[in-house]
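Here is how the chains run, residue by residue.
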Amino acid sequence: MDKKSLEILTIPNSGDMLIDNGSLIAAAAAIAISPSPHQQKQIIRDLTNNSISKPGNLFFLISNRWFTRWKKYTGFGAYTDDEVLPEPHLIISDAADRPGPIDNSNIVATGSNSEGEDFQLLDNLEEERDYVVVSQDVWEKLFEWYKGGPVLPSKMISVGVGQELVVEVYPLFLKLIDARDGSESTIRLSKKASLHELHKRVRSLKRTDTRKVRIWDYFNKRKQTLLEDSTKTLEKSDL
């Protein structure tokens, strides 16, 4: 996937900036005791039926490979609401069939290095074939039972003249080029994010303040447009 390039300029004599990469401390956590397969199916079905779609709501991507294993384990989708469900004690599920931790590794790019905890999805993924989209409530419940990851959140946005609601699976990946030393990094932002949000992310990343940073739309090794701190969206800024 092509990445838009932005150049970051700072006012001379701004002083050296210390960038503390910090360290990630991993702690082992026991997987919570989860309900029976039948109970899991009912809980997730109810949460799915009661989910609300509106701009700004968070949804989450799950590898269809893992989700298919979970559906097989619980029988999710095997019965419609109009059919009589078997009694819980009649549902047989071998403990060996229980899926392990949620595993989204097959839908993210190896070595994703965008800032924060963002991961870059592989190009040309298709919903239902490669991944499924679930509501925040569904994700939190599955994560409570199975843990795993990486976590892949996506916001719902409105697009087009008709303001159709869609989950923004592929937001903008912006390549940042620091004019001082030529270093490069990437950040992920929604098309609906404002230039103010872009400035805020860059200031946080580079640990500088508003007065000492300029961000340019940078194309073909030339500065195109100065991106002023404003409420204008990245989409309307042609990024």
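Anything mentioned here points back to the structure above.
This text gives an overview of the structure that appears in the document.

Calculation criteria
- Residues numbered from 1 in each chain as written.
- Predicted model: local features only at pLDDT ≥ 70, side-chain atom pairs only at ≥ 80, totals over all residues.
- Heavy atoms only, no water.
- Buried < 20%, exposed > 50% of the residue type's maximum accessible area, 1.4 Å probe, protein only.
- Helix = DSSP H or I, 4+ residues; strand = E, 2+ residues; numbered from the N terminus.
- Pairing = 2+ DSSP bridges.
- Expected span 1.5 Å × (residues − 1).
- Arc of directions from axis to C-beta.
- Salt bridge = Lys/Arg side-chain N within 4 Å of Asp/Glu carboxyl O.

Attention now goes to the pairing of strand β9 (residues 184–189). Across the six residues of β9, five count as buried, placing the element largely inside the fold. Pairing geometry for strand β8 (residues 172–178) and β9, over six bridges, is antiparallel. Bridge assignment links F173 to a residue of β9, and that residue is R188. Here β8 folds back onto β9 in antiparallel fashion, the turn holding five residues, of which G182 has a positive phi close to 75°.

The terminal C-alpha atoms of helix α4 (residues 195–206) lie 16 Å apart, and with 12 residues this matches the ideal 16 Å at 1.5 Å per residue to within 8%. Taken as a whole, α4 has its buried residues at L195, L198, H199, V202, R203, L205 and K206. Looking straight down α4, one finds its buried side chains confined to an arc of 165°; they lie on one side. Those residues of α4 that are exposed and aimed more than 90 degrees away from the buried face are K200 and S204. Within two residues after α4, R207 carries a phi angle of roughly 50°, on the positive side.

So, about the pattern of salt bridges. Summed over all chains, the structure comprises nine salt bridges. For E126, the salt bridge identified is with R129, shortest N-O distance 3.5 Å. A relative accessible area of 43% places E126 in the partly exposed class. The partly exposed category is assigned to R129, whose relative accessible area is 48%. Across the pair R180 and D178 runs a salt bridge whose closest N-O atoms are separated by 2.4 Å.

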